[in-house]
Amino acid sequence: MTSSTRKIVVALSGGIDSASEKDASDAQLVSNFLNIEMKRVKFQREYWHGVFEPFVEGFMHGKTLNPDVGCNQIIKFGAMRDYALKNLGANYVATGHYARLWHRDANDQILGNNSAITTVLERAIETVPQDEWILEWGKSWDARVPLLLAAEDESKDQSYFLSGVNGDNFHNVIFPLGNIRKNHTSRHGEQTVRQMAEHFPFGISKKKESMGICFIGRRNFSDFISEYLPEEAVPGSFVDVDSGAVVGKHKGSAFYTVGQGAKISGASCKWFTVGKNTDGTVFVWNDTHHPALYSDELYVNYDEFNWIAGEVPIPLRETNNLPAFCRIRHLQPLIPCCVTALKDQLMIKFDRPVRAIAPGQTAALYVCGGLVCIGGGPIVSRGPTYHELGKELIMSSLHPSGINDLSLRRKCRD
């Protein structure tokens, strides 16, 4: 290898269930087809201690942690990236994430070839000129740290899952799919990822997308997680949040997440979890839109929020007021918000009621009209609910809880 040779390690991953063997086999076939070497490296120990154990611990305390956020932070851009650079002699690491990185002032033909991303960013700033500070953000800390941008394909954007990664760990990282759509051709007619995959053998382009939590696979979540809880779950009651009547029994409040369905034996209609008490009571309501599910503010511990560029955004530092956008779930439509620093927390205040804000969820922040993800952190608590404030919900003011939320098309209950 000459001094000018550059080595790129391409990361291919699979879950820890039986499907991972098929994924690894397919990866080997593709590697053979491309005539490149494939090394299979396992990071079970790092995953167990850094991702899975915190997930179980959080679950026991009623927190809704996202293991995909932890996996990117601890494994893919932690242990795996370090292994590629140190053990495989990589100059760059490429992954299949649908996101983009703007490598500023990169004197590098590979990292610096980002004129298309620069153009997209400049156009976004023209629309939101007050966000021009983003161009200088982080340079005083480390000019090599790139900015994280949402993918060209908004329907596949994974910037939310990457919001917890220290920006320094994105240095020398490449996202080849960031400017490419996966399934639907863009207005410019470029090939999609699936169309490109048709040139590969073995039916790779026909593979289904992976969904859900990787370490669970197709197993029942409650049955799976019960195997790893250090203590047996304590049964309790489902209580109607309005009437106070007991409407059923449950096997443990930890198995119920605010905003999700509550399976009540013998119930003639669907119930939803709207809150939980420390005594094990799970409060429910038989409609997905109850004021107890909605709040317009949340809090994140200041020292637990990950700023991608390694420093507090300039407007927040200078005025303690940062207009931004936020999402608390993957691909949830972005919500306008204002970020304020308190003594030891960040308060994220929304301009509308937001459904099912739960401790442990990642709150990711965006600027430049939602193009640039500036970081994320685990939610500590929500503000008072509309039920607690005695405020009525107005259907037109509600925000989708996720990308596939169709419930807002229905009328509110009488």
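Look a little higher up for the structure.
Rules used throughout
- Residues numbered from 1 in each chain as written.
- Predicted model: local features only at pLDDT ≥ 70, side-chain atom pairs only at ≥ 80, totals over all residues.
- Heavy atoms only, no water.
- Helix = DSSP H or I, 4+ residues; strand = E, 2+ residues; numbered from the N terminus.
- Contact = heavy atoms within 4.5 Å.
- Areas by Shrake-Rupley, 256 points an atom, 1.4 Å probe, with all protein chains shown as cover.
- Bend = angle between axes of the 7 residues up to and from the residue.
- Buried < 20%, exposed > 50% of the residue type's maximum accessible area, 1.4 Å probe, protein only.
- Polar contact = N/O pair within 3.5 Å; in protein donor to acceptor, adjacent residues only side chain to side chain.
- Phe/Tyr/Trp six-rings, centres within 6.5 Å; stacked < 30°, edge-to-face > 60°.
- Pairing = 2+ DSSP bridges.
- Axes fitted to C-alpha atoms, helices over the stretch in contact; angles between N-to-C directions.
- Salt bridge = Lys/Arg side-chain N within 4 Å of Asp/Glu carboxyl O.
- Parallel < 35°, antiparallel > 145°, perpendicular 65-115°, else oblique.
- Left-handed = near helix turned anticlockwise from the far one by under 90°.
- Patch = residues over 30% accessible without salt bridge, like charges linked within 9 Å, V, L, I, M, F, W, Y side chains within 5 Å.
- Core = buried A, V, L, I, M, F, W, Y, C linked by side-chain atoms within 4.5 Å.

S.K.: So what exactly am I meant to see when it comes to the overall build of the protein here?
M.R.: Helices and strands together make up the secondary structure of the protein, namely 9 helices and 17 strands. For the protein, restricting intrachain contacts to residue pairs at least 6 apart in sequence, the fraction spanning at least 24 positions comes to 65%. Here the protein displays about 21700 Å² of accessible surface, and carbon together with sulfur accounts for 50% of that area.

S.K.: Sorry if this is basic, but what is going on with helix α3 (residues 67–86) here?
M.R.: Since the α-helix packs 3.6 residues into each turn, any two residues three or four apart lie on the same face. Most pronounced at Met 80, the bend in α3 amounts to some 30°. Taken together, the buried positions of α3 are occupied by Pro 67, Val 69, Gly 70, Cys 71, Asn 72, Ile 75, Phe 77, Gly 78, Ala 79, Met 80, Arg 81 and Ala 84. The inward-facing, buried residues of α3 contact β1 (8–10), α2 (44–60), β2 (92–94), α5 (159–162), β5 (173–174) and β16 (362–367). At the N-terminal boundary of α3, the capping side chain belongs to Asn 66, with an oxygen 2.9 Å from the backbone nitrogen of Asp 68.

S.K.: Looking at this structure, how should I read the packing of aromatic side chains?
M.R.: Working definition: an aromatic ring pair is given by the centre-to-centre distance plus the angle between the planes. Scanning the model with the defined rule gives 14 aromatic pairs in all. Considering the side-chain rings of Phe 77 and Phe 170, the 5.3 Å spacing of their centres and the 70° angle between planes classify their relative orientation as edge-to-face. With Phe 77 in helix α3 and Phe 170 in the loop between α5 and β5, the pair connects residues that are 93 residues apart, well separated along the chain. Judged by its relative accessible area of 0%, Phe 77 falls in the buried class.

S.K.: Help me understand the sheet that holds β5, please; the structure alone is not making it clear to me.
M.R.: Two orientations exist for strands paired in a sheet by backbone hydrogen bonds: parallel and antiparallel. Across the sheet, 3 strands lie side by side as β1-β2-β5; this open sheet has parallel pairing. Sheet topology places β1 and β5 at the edges, where each strand pairs with a single neighbour. Its contacts with the sheet place α3 against β1, β2 and β5, and it is angled at close to 130° to β2.

S.K.: Even after reading the chapter, I still don't get the pattern of salt bridges, so can you show me in this structure?
M.R.: Pairing between side chains of opposite charge can happen when the charged atoms of each approach one another. The final tally for this structure, using the stated rule, is 13 salt bridges. Across the pair Arg 144 and Asp 142 runs a salt bridge whose closest N-O atoms are separated by 3.5 Å. Accessibility expressed as a relative area gives 45% for Arg 144, which makes it partly exposed. With a shortest N-O distance of 3.7 Å, Glu 152 and Arg 181 are connected by a salt bridge. Pair noted here: Glu 152 is in the loop between β4 (147–150) and α5 and Arg 181 is in the loop between β5 and α6 (193–197), with a separation of 29 residues, a long-range link. For Glu 152, a relative accessible area of 26% puts it in the partly exposed group. Taking relative accessible area as the criterion, Arg 181 reaches 25% and is therefore assigned partly exposed. Beyond isolated ion pairs, a larger network of salt bridges with shared partners links Arg 100, Glu 152, Asp 153 and Arg 181.

S.K.: Please explain the sheet that holds strand β9 (residues 271–276) as it appears in this structure.
M.R.: Taken in spatial order, the 5 strands line up as β7-β6-β10-β9-β8 in an open sheet, and their pairing is mixed. Taken across any chain shown, the strands that pair with only one partner, and hence form the sheet edges, are β7 (246–250) and β8 (261–262). In this structure, strand β6 (residues 236–240) lies alongside strand β10 (residues 282–285), joined through 3 bridges in parallel fashion. Among the inter-strand pairings, Val 239 is bridged to a residue of β10, identified as Phe 283.

S.K.: What is the right way to look at the packing of α2 against α3 in this model?
M.R.: A pair of packed helices is captured by two measures, namely the crossing angle of their axes and the spacing between those axes. Contact geometry of α2 with α3 gives a least axis separation of 10 Å together with a crossing angle of 165°. It follows from the interaxial angle that α2 and α3 lie roughly antiparallel. In terms of crossing hand, the pair formed by α2 and α3 is right-handed. Between α2, through Glu 46, Tyr 47, Gly 50, Val 51 and Phe 55, and α3, the contact on the second element is made entirely by Pro 67, Gly 70, Cys 71, Ile 74, Ile 75 and Ala 79.

S.K.: Just to check I follow, could you spell out a nonpolar patch on the surface for this structure?
M.R.: Taken together, the side chains of Ile 8, Val 10, Leu 12 and Ile 110 define a hydrophobic patch exposed on the protein surface, amounting to about 350 Å² of accessible area. The residue Val 10 is located in strand β1 in this model. Under the relative-accessibility criterion, Val 10 is labelled exposed at 52%.

S.K.: Looking at this model, I keep getting lost on the nonpolar core. Mind explaining?
M.R.: As a rule of thumb, nonpolar side chains are buried together in soluble globular proteins. With 39 residues, the main nonpolar core has Ile 134 and Ile 374 as its most contacted residues. With near-sequence residues (within four places) excluded, Ile 374 lies in contact with Trp 133, Ile 134, Trp 137, Asn 306, Trp 307, Ile 308, Pro 313, Leu 322, Leu 365, Tyr 366 and Val 367. Core analysis: the second largest hydrophobic core is formed by 27 residues, Val 93, Phe 224, Ile 225 and Ile 264 among them.

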